[in-house]
Amino acid sequence: MAGVASPTAAFPSLETALKHHFGYDRFRLGQRPVIEAVLKSQDALVIMPTGGGKSLCYQLPALLKLGVMVVVSPLIALMQDQVDSLTDNGVVATCLNSSLDYGTIRQREADLLAGNIKLLYVSPERLMSPGFFGLLEQLIKTVGVSGFAIDEAHCVSEWGHDFRPEYRQLSVLRERFPQIPVMGLTATATERVRVDIAQQLRLRDPLIQVSSFNRPNLFYEVRPKGRDGYQELRRQVKQHPGSGIIYCLSRKRVDELAQRLTEDGESVLPYHAGLSDDTRRENQTRFIRDDVRLMVATVAFGMGINKPDVRFVIHYDIPRNIEGYYQESGRAGRDGEPAHCTLYLAYGDVATAEYLISQKPDADEQRIARQQLRQMVDYAETTVCRRRVQLSYFGELDLVEGPCQQCDNCLNPPPIEDWTVEAQKFLSCVARCQERFGMAHIIDVLRGSKKQKILDLRHDQLSTHGIGKDRSVEEWRLLGRSLLHQRLVDETSDGYPVLKLNAASWQVLRKQITVEVAVPKDFAPGPAEASTIEDTTEVAQLLTVLKALRKKLADQQSVPPYVVFPESALRQMARTRPQTLEAFSQVSGVGSRKLAQYGEVFTDAIRQFCADYGLESDPGAAARRSRPVRERRQSVGDTHRQTLDLHRQGLSLQEIADQRGLKATTIASHLEQLIRQGETVEVDQLVDTDRQRTIGTVLAEMENASLTEIRDRLGSAFSYEDIRLVRAAWQMEQSP
Ligand code: ADP
Ligand code: ZN
């Protein structure tokens with residue numbers, strides 16, 4: 001074996017190794033136990049949601065152990081990006097797959113045997129190809145193999161959503177190389193698949209790490225898709241800065257929408273299985289490299305997309321099931337920064353989806369698909385916390401307590417109204433029509449329609465004809481849906497949806513139970529703009545400069561921008577303005593290699609920016625120094641001054657917001673800046689003292705953590721506003 005020092009001797013702690021190689025200060029939840037197990041050569045099964053940080057679980061051990069870590073991944077398109085990312089961190093990695101020519105493969109095999117490589121990515125086909133096991137045996141004898149990491153391990157399971165027959169053969173690894181530890185990694189949530197993975201890969205007493213599927217940085221909302229759906233979509237797209245994915249149900253709809261958005265001047269490309277391989281690859285690359293901002297896609301655009309800085313995912317058509325929705329929307333915000341997930345609901349789309357299901361040949365398949373669609377509609381119509389619905393679907397209900405404050409329903413609970421009388425009218429109309437008609441007909445009768453069909457059936461003679469003129473068609477539909485949803489009426493499912501009364505319907509008709517309906521208000525825009533945090537103009541401007549620099553450097557090396565630095569690192573730079581290499585190395589995401597490679601260019605740019613704008617390096621320090629010097633107050637803008645005046649009159653955050661016609665988050669960010677400027681702000685008046693204490697404890701523990709990380713720790717009962725205000729005050733106190 002090649003002479004390498006004992007694994008961890010070079011680093012006093014795993015954290016030091018993490019900072020050195022990847023630039024991160026601390027492990028994410030679940031990473032450390034897995035890494036420790038892998039270092040001990042124990043098998044492991046790692047289940048983390050998308051963006052949870054699975055890769056690091058084998059990458060760091062690969063660097064600390066002797067030999068090569070062999071990573072099996074089905075995503076050939078992705079391998080090169082992963083290798084580039086690692087190379088940019090100074091890690092020697094390579095890949096072998098069917099897209100390479102013979103000479104390249106030979107060269108890479110030679111590099112491996114020379115002991116120059118720590119991570120080898122292979123496709124399952126390559127792994128099973130003739131001769132590959134021979135190479136592995138040679139490697140084991142010479143440089144050593146530190147483990148097999150099976151990425152996207154759910155592909156071994158027929159119960160998963162992405163079964164790949166070639167994954168089935170992976171059990172051979174254990175038989176041929178029983179001494180080499182194996183780990184499986186996946187984002188699949190279902191128990192059935194987990195059990196299957198452990199069996200299929202023949203894992204031996206594995207460490208099983210299951211992380212929560214809660215993604216606290218994602219904001220979830222559902223909006224009605226009315227006639228004006230497209231304009232509404234455009235408003236959304238404009239509201240969100242950064243990259244976004246818009247999912248549609250069919251290729252045709254993808255093409256139409258992409259075309260329309262292009263005509264309206266948006267930067268957009270389509271993606272679906274009807275495009276050639278080359279076009280798809282090209283479009284994907286341009287999206288990942290930020291040459292284009294929006295991707296309009298079918299679900300074919302999926303698993304292989306490793307872009308961590310997608311800021312929003314919009315489902316323009318209803319997805320087929322909740323698991324699919326969770327995975328697709330989960331492609332937003334893998335970097336842990338705030339991101340937005342919007343689902344548009346139109347009952348016409350549900351009808352289309354139902355029609356497509358009815359075309360399926362297999363009755364069982366139809367039944368399952370219909371049930372899944374119903375669950376999806378339930379999710380869209382729910383008036384409770386969306387996160388609760390999702391997590392309860394994955395069996396994680398206990399983890400969410402109270403409102404999450406990161407979904408539309410929590411922020412803006414729809415009012416519940418008593419519609420018992422309307423429900424009685426509706427149900428008695430169903431009875432009068434002899435339970436032989438669907439919702440549209442019932443509504444026509446209620447609203448007194450004189451359509452030919454109604455006249456032919458003599459339904460204009462019914463006592464319920466015209467008793468519902470006072471409500472619009474939309475209102476009746478809302479009620480009808482809600483009755484179905486609450487199982488207060490049934491609907492036949494043989495393709496012709498006919499309304500049928502059930503026992504509960506009769507209870508309503510006999511006035512034994514009341515009927516409550518959640519009536520959506522005009523959906524107010526979510527906190528999209530507000531959650532793009534507390535950036536002052538300078539921060540935003542510097543961020544733009546840094547992003548442009550990152551894009552330039554990325555293009556020079558033809559890698560995606562996030563490979564150079566993640567978004568969070570740029571934000572931190574924009575906020576703290578590090579002008580020396582020392583200060584720069586403190587930024588989370590800056591490891592030794594990145595410091596050497598990019599430290600100069602970035603600090604140059606920051607120094608230049610500060611010189612141009614007459615700014616100091618560390619905005620916090622400037623504010624601290626300025627505290628006694630009242631003149632600096634002039635830098636506080638007029639709008640901040642107005643907020644401060646109202647605050648001093650004793651108004652609460654919400655009262656100030658109402659009076660000024662601004663959002664509470666905006667007011668909070670004014671107050672936060674005022675605190676940092678050294679103004680006297682009564683935090684006690686804004687945040688309950690018990691809460692302040694709790695937040696303070698966490699701040700002390702996690703000194704340099706991002707807002708999102710602090711919020712993760714505190715839990716969703718704490719608002720970002722509270723944390724920001726307390727943090728500002730706390731940091732001012734800490735400074736000399
Ligand atoms: P997954 O494979 O689980 O979807 P990745 O491994 O791609 O997720 O990680 C998602 C993002 O999180 C990447 O940008 C990665 O660099 C980042 N990341 C991973 N571990 C950490 C950490 N300990 N601290 C900060 N960022 C991390
Ligand atoms: Zn919620």
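Source: prediction; values computed, not measured. (Residues numbered from 1 in each chain as written. Chains lettered and ligands numbered in written order. Predicted model: local features only at pLDDT ≥ 70, side-chain atom pairs only at ≥ 80, totals over all residues. Heavy atoms only, no water.)

1. Some details on the coordination of the zinc ion (ligand 2)
Move 1: Here the zinc ion (ligand 2) is held by C385 (SG), C404 (SG), C407 (SG) and C410 (SG), and the distances to it run 2.3 to 2.4 Å.
Move 2: Around the zinc ion (ligand 2) sit four donor atoms; with metal-centred angles ranging over 101 to 118°, the donor geometry is tetrahedral.
Move 3: Positions of the donor residues of the zinc ion (ligand 2) along the chain correspond to the pattern C-x18-C-x2-C-x2-C. The exposure classification of C404 matches that of C407, with both residues buried. (Donors = N, O, S within 2.8 Å, 3.2 Å for Na, K, Ca; no water. Tetrahedral: all angles 85-135°; square planar, octahedral: opposite > 155°, others 65-115°. Buried < 20%, exposed > 50% of the residue type's maximum accessible area, 1.4 Å probe, protein only.)

2. With respect to helix α31 (residues 638-648)
Move 1: Within the span of α31, buried status applies to H640, T643, L644, L646 and H647. Along α31, the residues classed as buried sweep out an arc of 165° about the axis, all on the same side.
Move 2: On the buried face of α31, the contacting elements are α32 (653-660), α33 (664-676) and α34 (683-686).
Move 3: Once α31 finishes, G650 follows within two positions and takes phi at roughly 90°, a positive value. (Helix = DSSP H or I, 4+ residues; strand = E, 2+ residues; numbered from the N terminus. Arc of directions from axis to C-beta. Contact = heavy atoms within 4.5 Å.)

3. Digging into the site of ligand 1
Move 1: Close to ligand 1 lie 15 residues; Y24, G51, K54, S55 and R334 are nearest.
Move 2: Interatomic distance of 3.1 Å between a side-chain N/O atom of R28 and an oxygen atom of ligand 1.
Move 3: A distance of 2.5 Å separates an oxygen atom of ligand 1 from a polar atom in the side chain of R334.
Move 4: If ligand 1 stood free it would expose 560 Å²; the protein chains cover 83% of that surface.
Move 5: Considering only residue class, the shell around ligand 1 consists of four nonpolar, seven polar and four charged.
Move 6: Structurally, the shell around ligand 1 is a two-domain feature, drawing no fewer than three residues from each of domain 1 (7-210) and domain 2 (218-396). (Near = heavy atom within 4 Å. Polar contact = N/O pair within 3.5 Å; in protein donor to acceptor, adjacent residues only side chain to side chain. Areas by Shrake-Rupley, 256 points an atom, 1.4 Å probe, with all protein chains shown as cover. Nonpolar A, V, L, I, M, F, W, Y, C, P; charged D, E, K, R; others polar. Domains from an automatic or database assignment.)

4. As for the nonpolar core
Move 1: Counting 39 residues, the largest nonpolar core has L127, L136, F148, I150 and L170 as its most contacted members.
Move 2: Those elements that place two or more of their residues in this core are β1 (44-47), β2 (68-72), α5 (102-113), β4 (119-122), α7 (132-141), β5 (145-150) and α10 (191-200).
Move 3: When residues of this core are assigned to their parent elements, the largest contribution, six residues, is made by α7.
Move 4: Other than its neighbours up to four places away in sequence, L170 contacts V72, L127, M128, I150, V156 and L201.
Move 5: With 37 residues, the next largest nonpolar core counts V222, L269, M376 and V377 among its residues. (Core = buried A, V, L, I, M, F, W, Y, C linked by side-chain atoms within 4.5 Å.)

5. Examining the sheet that holds strand β7 (residues 207-210)
Move 1: Reading across from one edge, β3-β4-β2-β5-β6-β1-β7 is the order of the seven strands in this open sheet, with parallel pairing throughout. Two strands bound the open sheet, and with one partner strand each, they are β3 (93-96) and β7. Direction aside, the axes of adjacent strands within the sheet are offset by 15° on average.
Move 2: In the sheet, β3 pairs with β4 via four bridges, with the strands oriented parallel. Its bridge partner lying in β4, A93 is registered against L119. (Pairing = 2+ DSSP bridges. Axes fitted to C-alpha atoms, helices over the stretch in contact; angles between N-to-C directions.)

6. Details of helix α14 (residues 322-329)
Move 1: Burial runs high along α14: eight of the eight residues are buried.
Move 2: Looking at the buried residues of α14, the elements they touch are β8 (218-224), β9 (243-247), β12 (310-315), β13 (339-345), α16 (363-381) and α17 (386-393).
Move 3: Where α14 starts, the residue carrying a side-chain oxygen 3.5 Å from the main-chain nitrogen of E323 turns out to be N321.

7. Notes on the packing of helix α2 (residues 31-39) against helix α3 (residues 54-64)
Move 1: It is at 9 Å that the axes of α2 and α3 come closest, and there the two elements cross at 40°. In terms of axis orientation, α2 runs oblique to α3. In terms of crossing hand, the pair formed by α2 and α3 is right-handed. Every residue of α3 that contacts α2 at Q31, V34, I35, V38 and L39 is listed here: L56, C57, L60, P61 and L64. (Parallel < 35°, antiparallel > 145°, perpendicular 65-115°, else oblique. Left-handed = near helix turned anticlockwise from the far one by under 90°.)

8. Some details on the environment of D317
Move 1: Residue position: D317 is located in the loop between β12 and α14.
Move 2: A sequence separation of 28 residues divides D317 from L345, and the C-alpha atoms of the two residues are 6.9 Å apart.
Move 3: The residues touching D317, leaving out its near neighbours within four places in the chain, are K225, Y247, C248, L249, R253, L343, Y344 and D349.
Move 4: Of note is the side chain of D317, whose polar atom sits 2.8 Å from the backbone nitrogen of L249.
Move 5: A distance of 2.7 Å separates polar atoms of two side chains, one belonging to D317 and the other to R253.

9. Observations regarding the pattern of salt bridges
Move 1: According to the stated counting rule, one finds 43 salt bridges in the structure shown.
Move 2: Sharing partners across several salt bridges, the network here consists of R311, D335, E337, K547, E567 and R571. (Salt bridge = Lys/Arg side-chain N within 4 Å of Asp/Glu carboxyl O.)

10. Regarding the pairing of strand β10 (residues 268-271)
Move 1: The two faces of β10 match: V268 and P270 on one face and L269 and Y271 on the other face are all buried.
Move 2: Handedness of the crossover joining β10 and strand β11 (residues 294-297) through helix α13 (residues 277-288): right-handed. (Right-handed = clockwise from strand over helix to strand, strands pointing away.)

11. Some thoughts on the confidence of the model for the protein
Move 1: Considering every residue of the protein, the mean pLDDT works out to 84; 90% of them sit at 70 or more.
Move 2: pLDDT under 50 marks residues 1-8. Its contacts with residues more than four places away, or in other chains, come to 13 contacts.
Move 3: pLDDT under 50 marks residues 522-534. Its contacts with residues more than four places away, or in other chains, come to 35 contacts. (pLDDT = per-residue confidence, 0-100.)

12. Details of the environment of K547
Move 1: Along the polypeptide, K547 turns up in helix α25 (residues 537-556).
Move 2: Residue classification places K547 among the partly exposed residues on the basis of a relative accessible area of 29%.
Move 3: Not counting chain neighbours up to four residues away, the residues in contact with K547 comprise E567 and L570.

13. Topic: the sheet that holds β13
Move 1: Overall, parallel pairing links the six strands, which are arranged β8-β13-β12-β9-β11-β10 in an open sheet. Two strands in the sheet have a free side with no partner beyond their single neighbour: β8 and β10. Along the sheet, successive strands turn relative to each other by an average axial angle of 15°, direction set aside.
Move 2: With four bridges connecting them, β10 and β11 associate as parallel partners. The residue of β11 that forms the bridge with P270 is V296.

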